Amino acid sequence: MNSANVPKVNIFGVPISKLGFRETIQVLADAVESRKPHQVITANPIMVMAALQDPGYMQLMKQAEFIVPDGAGVVWAAGYVGNPVAERVPGIEIMQEMVKLAEERSWKVFLLGASREVVEAAAAELKKQHPRLQLAGVRDGYFGADQDHQVIEEIRAANPDMLFVGRSADKQEPWIARYKEELGVPVVMGVGGSFDVLSGKLKRAPKLFRQLRMEWFYRLLQEPYRYKRMLILPRFAMKVIREKENVQKG
């Protein structure tokens, strides 16, 4: 399926895929085969609220080729307004499944983000799980705007089929949006703290927390300094409840 034909629900103007996990993987596999750059965003309520406050961020969200419902709050909001998504589609699980597919189909993968220690540990774990995986490159995410083109040239020279980017929330999606055409990678996806989880630096929430849609709370227990970000979640919920009739407009 072409990403442009994916059924979507608008959450305050952000077009979010309604597809389930398996269909999402098929869309991304087709995107790799297309050889055309696709920005994949794993949306959560914090990102939706950021888009509402920043027109530039909203624009890049609308221009992204594929936005999946990662955050439990986004899944809840779609159901609350009567236009539900099939299921929550976690970004880390997408990455793991696409890496598995990459090993099977001899696609090349590049990891960009986190500290050198963390991203190299994440790469080692992926190679342990998938011995035949072609890792085209691994680079930390600590670089400034003056190094952007050096990083882009490094990625272009590696010629990966998929690029997973794990940088801070204020840099990740804007950086991908700005450079996706120049990068020329078929699938470029922001993965947030997924490298931290793969490396073992952080633990992913147990299955019970995920089933209860409280993965955010488990992460907060591990990283208490994130509490200010998490305060956005109840604000998002109240906005959906108050503006139910207008959620899907925009």
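The sections below set out a description of the structure shown in this document.

The rules we used
- Residues numbered from 1 in each chain as written.
- Predicted model: local features only at pLDDT ≥ 70, side-chain atom pairs only at ≥ 80, totals over all residues.
- Heavy atoms only, no water.
- Buried < 20%, exposed > 50% of the residue type's maximum accessible area, 1.4 Å probe, protein only.
- Helix = DSSP H or I, 4+ residues; strand = E, 2+ residues; numbered from the N terminus.
- Pairing = 2+ DSSP bridges.
- Axes fitted to C-alpha atoms, helices over the stretch in contact; angles between N-to-C directions.
- Contact = heavy atoms within 4.5 Å.

## Some thoughts on unusual backbone geometry
Trans is the prevailing form of peptide bonds, just as negative phi is the prevailing case for residues other than glycine. Phi angles above zero are rare outside glycine, and Ser106 is one such case at about 60 degrees. Its relative accessible area of 47% is what places Ser106 among the partly exposed residues. For Asn159, which is not glycine, the phi dihedral falls at a positive 55 degrees. Mapping Asn159 onto the fold places it in the loop between α7 (148-158) and β7 (162-166).

## With respect to the sheet that holds strand β8 (residues 187-190)
The six strands lie next to each other as β4-β3-β8-β7-β5-β6, forming an open sheet whose pairing is parallel. Lying at the two open borders of the sheet, with one neighbouring strand each, are β4 (66-69) and β6 (134-139). On average, each strand axis in the sheet is inclined to that of its neighbour by 20 degrees, with strand direction left out of account. Bridge count between strand β3 (residues 38-43) and β4: four bridges; the pairing is parallel. What sits directly across from Thr42, in β4, is Val68. Helix α1 (residues 21-34) rests against β3, β4, β7 and β8 of the sheet, and its axis sits at about 160 degrees to β4. Each of β5 (108-113) and β6 touches helix α6 (residues 116-129); the most contacted strand, β6, lies at about 170 degrees to it.

## Topic: the pairing of strand β1 (residues 8-11)
Of the two faces of β1, the one holding Val9 and Ile11 is buried and the one holding Lys8 and Asn10 is not buried anywhere. By the bridge criterion, four bridges tie β1 to strand β2 (residues 14-17) in an arrangement that is antiparallel. For Lys8, the partnering residue across the bridge sits in β2 and is Ser17. Count of turn residues in the β1/β2 antiparallel hairpin: two residues, of which Phe12 carries a positive phi of about 50 degrees.

Without other data, these values stay purely geometric and don't point to any function.
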